[in-house]
Amino acid sequence: MKKINFNLGGGASSSLKAFTLAEVLITLAIIGVVAALTIPSLVLHSRRTEIESRLKKSYTQLNQAFRLAIADYGPVKGWTYGTKDNKSHAIRFAQTYFVPYLKIAKDCTNSDSPDCNYTYKNLRSDTIEHSQNSAIYYLADGTYFSIHFTSNDHAQIFVDCNGDKKPNILGYDIHTYTVSPIWNSTNKGLLGVSSCSTDRNCACIKSGNGAGCIKIIIQNGWKIPTEDEYVRLGFPKSDYPYSNL
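A short tour of the structure in this document, coming up. Since the structure is predicted, the reported quantities are computational estimates derived from the model, not experimental observations.

**Here's the deal with the environment of K215**
Part 1 of the reasoning: By secondary structure assignment, the location of K215 is in helix α3 (residues 213–219).
Part 2 of the reasoning: Judged by its relative accessible area of 32%, K215 falls in the partly exposed class.
Part 3 of the reasoning: Considered as a pair, K215 and G192 are 23 residues apart in the sequence and their alpha carbons are 9.5 Å apart.

Okay, structure coming up:
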């Protein structure tokens, strides 16, 4: 810091202390380094918090629709299902048991618009296209969801909680739920989730596709687990799937 003298006239003088250019530049450099180290983690935390909130909200909306459909049509074992990859069956199922109970903003079922047919990835970075045999919709809050039959009498509900916005990764902002006549009655009226406890292909691990992650997130209080939380939930640290997200 440098002292600067001022002549006030009549023989009087005063002085002020001021930073030199070099000191200012050093301070700015330090601030820049600190910002570079902290801002990415703050952005990541903010994005995760937003996705976690949207995940819970989207599940709540779909599960509420599911329960209302049960109230109107009875237990799911008596619902009318469809056959694998049959689009008309998927549309009928969606429009009967879910669409009437949701605030639908856009029907993407027969649309070619980019926000309806974007690609996404799984945890091991495979690029995937949406099933062409799906009934596809956007909710009023921007949630994207689709329904299709992955096998006879087994409907899969695909949910992207923030629509076509990135990162579009199965197991992170994208998850799947199931409805079938063999639905587990102990599930207490909740949409089925996959545990993938024995199938490493769909497990919530960095080499899996991430279909099993929603169960872990729910178990973790609707929080995408940190590495420590992942280990506490019973998984090896080496399998942690979110290191690069």
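**Observations concerning the sheet that holds strand β8 (residues 154–160)**
Part 1 of the reasoning: Across the sheet, which stays open at both edges, the five strands sit in the order β3-β6-β7-β8-β9 with antiparallel pairing between neighbours. The strands lining the two open edges of the sheet, one partner per strand, are β3 (104–107) and β9 (174–179). On average, each strand axis in the sheet is inclined to that of its neighbour by 30°, with strand direction left out of account.
Part 2 of the reasoning: For strand β6 (residues 135–139) and strand β7 (residues 144–151), the ladder comprises four bridges, and the chain directions are antiparallel. What sits directly across from Y137, in β7, is F145.
Part 3 of the reasoning: Each of β6, β7, β8 and β9 is contacted by helix α2 (residues 87–97), which is oriented at about 130° to β7, the strand it contacts most.

**Digging into the pattern of salt bridges**
Side chains that differ in sign of charge can pair as their charged atoms come close.
Part 1 of the reasoning: All chains considered together, the criterion is met by six salt bridges.
Part 2 of the reasoning: A salt bridge links D141 to K57; the nearest nitrogen and oxygen atoms lie 3.6 Å apart. Taken as a pair, D141 in the loop between β6 and β7 and K57 in helix α1 (residues 21–73) lie far apart in primary sequence, 84 residues in all.
Part 3 of the reasoning: Note that D115 and K106 form a salt bridge whose closest N and O atoms lie 3.1 Å from each other.
Part 4 of the reasoning: The class for D115 is partly exposed, based on a relative accessible area of 22%.

**Some details on the nonpolar core**
Part 1 of the reasoning: Of all hydrophobic cores here, the largest spans 46 residues; its most connected members are F93, F98, I157, V179 and Y242.
Part 2 of the reasoning: Taken together, the elements giving at least two residues each to this core come down to α1, α2, β6, β7, β8, β9 and α3.
Part 3 of the reasoning: No other element matches the seven residues that α1 contributes to this core.
Part 4 of the reasoning: In contact with Y242, not counting residues within four places along its chain, are R48, L123, G171, Y172, C204, C213, I217, I224 and P225.
Part 5 of the reasoning: Ranked by size, the runner-up nonpolar core spans 10 residues in total, among them C108, Y118, Y138 and L170.

Conventions and cut-offs
- Residues numbered from 1 in each chain as written.
- Predicted model: local features only at pLDDT ≥ 70, side-chain atom pairs only at ≥ 80, totals over all residues.
- Heavy atoms only, no water.
- Helix = DSSP H or I, 4+ residues; strand = E, 2+ residues; numbered from the N terminus.
- Buried < 20%, exposed > 50% of the residue type's maximum accessible area, 1.4 Å probe, protein only.
- Pairing = 2+ DSSP bridges.
- Axes fitted to C-alpha atoms, helices over the stretch in contact; angles between N-to-C directions.
- Contact = heavy atoms within 4.5 Å.
- Salt bridge = Lys/Arg side-chain N within 4 Å of Asp/Glu carboxyl O.
- Core = buried A, V, L, I, M, F, W, Y, C linked by side-chain atoms within 4.5 Å.

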